Amino acid sequence: LLQLLPAAALQRFVQHVRAAHTMVGLAGALRVADLPAVTALAPDFAGFRSAVCDGPRSGALSAERLGALVAAANALRQRPPVPSSSDRARSSSVH
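The structure displayed is predicted, hence computed values, not measured ones.

About the criteria used
- Residues numbered from 1 in each chain as written.
- Predicted model: local features only at pLDDT ≥ 70, side-chain atom pairs only at ≥ 80, totals over all residues.
- Heavy atoms only, no water.
- Helix = DSSP H or I, 4+ residues; strand = E, 2+ residues; numbered from the N terminus.
- Buried < 20%, exposed > 50% of the residue type's maximum accessible area, 1.4 Å probe, protein only.
- Contact = heavy atoms within 4.5 Å.
- Areas by Shrake-Rupley, 256 points an atom, 1.4 Å probe, with all protein chains shown as cover.
- Salt bridge = Lys/Arg side-chain N within 4 Å of Asp/Glu carboxyl O.
- Expected span 1.5 Å × (residues − 1).
- Arc of directions from axis to C-beta.

Draft legend 1. Summary view of the overall build of the protein chain. From N to C terminus, the protein chain includes four helices and two strands. Counted from the first residue to the last, the protein chain has its helices and strands arranged as α-β-α-β-α-α. Taken over 95 residues, the protein chain has a buried fraction of 21%. In the protein chain, of all internal contacts separated by at least 6 residues, the share reaching a separation of at least 24 is 32%. Approximately 6700 Å² of the protein chain is accessible, and the part contributed by carbon and sulfur atoms is 62%.

Written out as structure tokens, the structure is:
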């Protein structure tokens, strides 16, 4: 998904669906390495089937791969939020 569509287009999609008061999910060959970008888009849920299967997405779920995804998600949650450019501009104008 992230290789096919730019982040700005995905963000517009998320906003459009939210404006309709509907939950929004993202999926499509997502990998563990995509987790930060997907998290930044703030969907209600995301599908990582390909990332947690042995072999192709039709393969069996891998406890090891699932554990790696969970660990990556937990590590991401523990990071302090990165200020947006508007937050940084506001902060610099206050000083």
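What follows continues from the structure just given.
Draft legend 2. Expanded view of the pattern of salt bridges. If you walk through the whole model with that rule in mind, you get two salt bridges. One salt bridge in this structure joins Asp44 and Arg18, with 3.3 Å as the shortest N-O distance. In this pair, Asp44 sits in the loop between α2 (35–41) and β2 (45–47) while Arg18 sits in helix α1 (residues 7–19), placing the two residues 26 residues apart along the sequence. You can call Arg18 partly exposed: its relative accessible area is 33%. Linking Asp34 and Arg31 is a salt bridge whose minimum nitrogen-to-oxygen distance equals 3.2 Å. Residue classification places Asp34 among the buried residues on the basis of a relative accessible area of 6%.

Draft legend 3. Summary view of α1. Counted at 1.5 Å a residue, the expected span for α1 with its 13 residues is 18 Å, and the 18 Å between its end C-alpha atoms agrees. Where α1 is concerned, the buried positions are Leu10, Val14 and Val17. For α1, the arc enclosing every buried residue in end-on projection is 70°, short of the 170-degree limit, so these residues lie on one face. Away from its buried face by more than 90 degrees, α1 exposes Arg12, His16 and Ala19. As for α1, its buried residues are in contact with β1 (25–27) and α2. His21 sits one or two residues past α1 and shows a positive phi near 55°.

Draft legend 4. Fine view of the environment of Arg31. Mapped onto the elements, Arg31 comes out in the loop between β1 and α2. Separated by 19 residues in sequence, Arg31 and Ser50 have C-alpha atoms that sit 7.1 Å apart. The residues touching Arg31, leaving out its near neighbours within four places in the chain, are Gln3, Phe48 and Ala51.

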